[in-house]
Amino acid sequence: MTVEPIIFQPTPASPAPSSKVGAVAWLRANLFGGWKDTVVTIALLAILLVTVPKLIGWMFVRATFLGDADACRLAGGACWPFIVDKFNVLMLGVYPQELGWRPGIAAIALIVLAALTYTNRMRGIVLIVAWAILPFFALIMIGGAFGMREVDQSLWGGLMLSILLALVGVIVSIPLGVMLALGRYYGSPVVKSLCIAFIELLRGVPLITILFMASVMMPLFLPPDLVINNLLRIQIAMILFSAAYMAEVVRGGLQAIPAGQTEASLALGVTRRHTIAFVIVPQALRHVLPPLIGRCIALFKDTSLVIIVGLLDFLGMIKNAALDTSWLGFQAEAYVFAAVVYWSICYSLSLYGRELERRGPSAQKR
Amino acid sequence: MPMTKTRAKSGFALSNIGSVASQGVVLAIALFFVYLLFTNTQENLALRGIESGFAFLDKEAGLPIGDSLIAYTPMRSYGYAFLVGILNTLFVSVLAIILSTILGVFVGIARVSNNWLLAKVAAVYVETLRNLPLLLTLFFVYSVVLAALPHPREAIELLEGVYLSKRGFYLPRPLAEPGFWTFLIAALIAFALGLAFWRWAALHKVRTGKTLPGFWGGLGIFIVLTGLAYLITGRPVGSELPVYAGFNFKGGLAMKPEFASLLIGLVLYTAAYIGENVRSGIQSVEAGQIEAANALGVSNTVVTRKVLLPQALRVTIPATTNDYASLVKNSSLAVAIGYPDMVSIGGTIIGQNGQAVEIIAMWMAVYLTINLIISLGMNALNARVQHAER
């Protein structure tokens, strides 16, 4: 008589109880967890139900998309023809309209390069050189040279000016910031103290006082026969201000490089100078790319301050447009448009920063 | 800590001590540069007929100031006008620091809340405010939000004596009546007693192991004694309500629209940053610690106070120090909407007499001092919450 082997037969797992899956469970877990959660959710829903439809109504339903100021006043919603009418001025300021294609080409170059960078199609030294050339290309296209009609700097304005100030500011201040950081980290006591004094002085005061300094005080510092125009003075001020902040970011990167790197390099007979330039700095920069992007966003936001010293950047043009007598009463539209533009640019930069953080060296370690 | 040691060594291995001579050359170049700036400035000032030196501070200013904490007339000196500006800068900064900290803590907690809707609303708030220039937010509040409020005639009355209108906000002004000082002294004594009870309860716990409700007991002592003192001294705090008369409100505490927009803008902007610091602080505490404490039967309040907060603050405080310093610097944007802060008043003085060098030096001195005070205070706080390093 053979004994039938008993084979263990597990009962199949029963499905999760219906109270733990599905929409109802999600609602219970995430919105109505207890009486406190329920109160918060209902209060927020009430606020959103009052404000969001009003906002949508103003922006789209009751808004006017074609027509003039009177049509807008009749409809009572947002007045988008106002923005359309002012679009050129907002983008270019009082730049000659017939030459608008030149900044246009510079903008396309910027967008293409940004896209190539974002998608990681272009990398290494080619990428760096391309970004270093871009501001010069933009300046030549906007200002005019090589037989193109020259456009005086007092006519530059609008979003073009904001982006130009930020672009030149970032690209010049990064190498300057690296030098300051190296001076602060590796320099001799005298160099070190000079770098610290410069960095802390600029980081300790508001940008406005530095802009005032550039527009009122810098002419006093220079020899009487040397005259630099206002835009260039302000650009220099923004570069120096940004460099002080970049230096602190880069210093964080220098501190993150382990001592073994230096020791290995010196032991192999690489000179001090080459160790810093080819071993330390490239790694340090890779570490601090995300915070450097953060500084780029900050600098772009800070360009809005130049209206206080008399340049008409994007925000300045928005403010002017809001005061136009033929479109009186549509300030909100102007500021909402400005907010959308600033937000899209800053937010896409910060998304890129997060992307770099995901790809970067500190992410690989984890 | 071994890491610090190796880092220091790495810096040392590469640092360029160099010869005394090469350092002397660098120093000489720097000094020559400063000398060049100095002589150029002297020459330029002479060319433009601008006096130099701080003698102008005693001269009559003749500039009107819309909003001042201390009594001011245009007959006062430039120095006094600048002092008004410093006080305005300090006043708006201190108020904004307090309010943005409160709002920022709420935003940070909301960001990590289990409530999906609350977390999303907080995220939208943070991402919106952080990606817009502060100046745009200020303009928006000043010329869109506050301008949409009604004329003082139809002002919105929030509570009794609290009015919102496009000319500003009006609040009741507290008035000291006879017996106020006695009451104030009594209240201070009550506060000291409450504090003493709290300390005693903590000591008692160390000695005997018995837990007394130290904080709530102390608070109770303070409230009950202060209330008694208030009644005994004959209710010495009155209030003056703002009253609509003619074209505007008279009496009460008035908050001008410029001040209100600057305060609202600074608070909304900085709270978004502080909220992020609070969020990263909370998220830096490992979930296992909270779960372990819960599993040991520690109550939620105690987990928050003894496990979550002490560790979260280590991450939050250093970042928040920077945000406070930025807030003080950002208050200089007042000049764009016409609130008379230090930069705005200084700018007007430069326009009047051209003494840019002196005014800019004064600005820098004041801002550097404020920043120094903030970092000293916050470093002291930070030292209390950081790990004792072995």
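Above: the structure in question.
Just so it is clear, the structure is predicted and the values come from calculations on it, not from any experiment.

A. The arrangement of the overall build of chain A in detail. In terms of helices and strands, chain A carries 16 helices and zero strands. Here the C-alpha radius of gyration of chain A, 28 Å, is well above what a compact globule of 366 residues would show, namely 21 Å. Its C-alpha atoms give chain A principal-axis dimensions of roughly 115 × 80 × 40 Å. Residues classed as buried in chain A amount to 45% of the 366 residues present. For chain A, restricting intrachain contacts to residue pairs at least 6 apart in sequence, the fraction spanning at least 24 positions comes to 69%. When the accessible surface of chain A is summed, it comes to about 19,400 Å², and 70% of that surface belongs to carbon and sulfur atoms. The distance from the centre of the 27 positive side-chain charges to the centre of the 18 negative ones in chain A is 10 Å.

B. Local environment of the sheet that holds strand E2 (residues 162-165) of chain B. Residues and elements named next belong to chain B. Sheet architecture is open: four strands sit in the order E1-E2-E3-E8, paired in antiparallel fashion. Here the strands that pair on one side only, and so sit at the sheet edges, are strand E1 (156-159) and strand E8 (253-255). Mean inter-strand twist for the sheet, computed between neighbouring axes without regard to direction, equals 20°. Both E2 and strand E3 (residues 168-171) contribute to a ladder of three bridges, which runs antiparallel. Across the sheet, the residue bridging to Leu-164 is Phe-169, located in E3. Running at roughly 65° to E8, helix H8 (residues 257-284) makes contact with E3 and E8 of the sheet.

C. Structural context of helix H8 (residues 189-204) of chain A. Counted at 1.5 Å a residue, the expected span for H8(A) with its 16 residues is 22 Å, and the 22 Å between its end C-alpha atoms agrees. Every buried residue of H8(A) is accounted for by A:Val190, A:Cys195, A:Ile199, A:Leu202 and A:Gly204. Considering only its buried residues, H8(A) is in contact with helix H7 (158-186), helix H9 (207-221) and helix H10 (230-256) of chain A together with helix H2 (20-48), helix H10 (300-330) and helix H13 (356-385) of chain B.

D. Looking closely at the packing of aromatic side chains. What the rule picks out here adds up to 27 aromatic pairs over all chains. Centre to centre, the rings of A:Phe212 and B:Trp363 are 5.2 Å apart; their planes meet at 55°, and the pair counts as tilted. With A:Phe212 in helix H9 and B:Trp363 in helix H13, this residue pair bridges two chains. No difference in accessibility class separates A:Phe212 from B:Trp363, as the two residues are buried. Judged by centre distance (5.4 Å) and plane angle (70°), the rings of B:Trp198 and B:Phe215 are edge-to-face. Here B:Trp198 is found in helix H6 (residues 180-208), whereas its partner B:Phe215 is found in helix H7 (residues 214-232), with 17 residues between them in sequence. Here the aromatic residues A:Phe87, A:Phe300, A:Phe314, A:Phe337 and A:Tyr342 are joined through ring pairs into a cluster of three or more. Residue placement shows A:Arg203 over the ring face of A:Tyr245; its charged tip is 5.5 Å from the ring centre. Positioned over the ring face of B:Tyr273 is B:Arg130, at 5.3 Å from the centre of the ring.

E. Here's a closer look at the nonpolar core. Counting 147 residues, the largest nonpolar core has A:Trp156, A:Phe314, A:Ile318, B:Leu135 and B:Trp363 as its most contacted members. Top element by residues in this core is H7(A). It accounts for 13 residues. Ignoring any residue separated from it by four or fewer positions in sequence, one finds B:Trp363 in contact with A:Thr209, A:Phe212, B:Phe82, B:Met342, B:Val343, B:Gly346, B:Gly347 and B:Ile350. Residues B:Ala110, B:Ala122, B:Val126 and B:Ala271 belong to the second largest nonpolar core, which totals eight residues.

F. Region of interest: the interface of chain B and chain A. Every contact between the two is made by 58 residues of chain B and, on the other side, 66 residues of chain A. At the boundary of chain B and chain A, one finds one salt bridge. Where A:Arg354 meets B:Glu127, a salt bridge forms, and the shortest distance between an N and an O atom there is 3.0 Å. Linking chain B with chain A are 14 residue pairs in polar contact (both at pLDDT 80 or more). At the level of secondary structure, the elements contributing two or more residues to the side of chain B that touches chain A comprise helix H1 (2-14), H2, helix H4 (116-130), helix H5 (134-145), H8, helix H11 (334-337), helix H12 (342-353) and H13 of chain B. Per-element accounting of the side of chain B that touches chain A gives the leading share, 12 residues, to H2(B). Grouping the constituent residues of the side of chain B that touches chain A by class yields 34 nonpolar, 17 polar and seven charged.

G. View of the pairing of E2(B). All names here are of chain B. Side chains Val-162 and Leu-164 project from E2 onto one buried face, and the interleaved Tyr-163 and Ser-165 project onto a second face that is buried too. Where E1 and E2 come together, three bridges link them in antiparallel fashion. Its bridge partner lying in E2, Ile-156 is registered against Leu-164. Counting the residues that bridge the hairpin from E2 to E3 gives two residues.

H. Focus on H7(B). Residue and element names in this part refer to chain B. Compared with the 27 Å implied by 1.5 Å per residue over 19 residues, the 27 Å span of H7 between its first and last C-alpha is a close match. When we look at burial in H7, the residues that qualify are Gly-214, Gly-218, Thr-226 and Ala-229. All buried residues of H7 lie within an arc of 85° about the axis, which places them on one face of the element. Exposed residues pointing more than 90 degrees away from the buried face of H7 are listed as Trp-216, Ile-223, Val-224 and Leu-231. Tucked inside the fold, the buried residues of H7 contact H6. Note on H7: the residue one or two positions beyond its end, Gly-234, has a positive phi of about 75°.

Quick notes on the rules
Residues numbered from 1 in each chain as written. Chains lettered and ligands numbered in written order. Predicted model: local features only at pLDDT ≥ 70, side-chain atom pairs only at ≥ 80, totals over all residues. Heavy atoms only, no water. Helix = DSSP H or I, 4+ residues; strand = E, 2+ residues; numbered from the N terminus. Rg over C-alpha atoms; globule rule 2.2 N^0.38 Å. Buried < 20%, exposed > 50% of the residue type's maximum accessible area, 1.4 Å probe, protein only. Contact = heavy atoms within 4.5 Å. Areas by Shrake-Rupley, 256 points an atom, 1.4 Å probe, with all protein chains shown as cover. Lys, Arg positive; Asp, Glu negative; His and termini not counted. Charge placed at Lys NZ, Arg CZ, Asp CG, Glu CD. Pairing = 2+ DSSP bridges. Axes fitted to C-alpha atoms, helices over the stretch in contact; angles between N-to-C directions. Expected span 1.5 Å × (residues − 1). Phe/Tyr/Trp six-rings, centres within 6.5 Å; stacked < 30°, edge-to-face > 60°. Lys NZ or Arg CZ within 6 Å of the ring centre and 35° of its normal. Core = buried A, V, L, I, M, F, W, Y, C linked by side-chain atoms within 4.5 Å. Salt bridge = Lys/Arg side-chain N within 4 Å of Asp/Glu carboxyl O. Polar contact = N/O pair within 3.5 Å; in protein donor to acceptor, adjacent residues only side chain to side chain. Nonpolar A, V, L, I, M, F, W, Y, C, P; charged D, E, K, R; others polar. Arc of directions from axis to C-beta.

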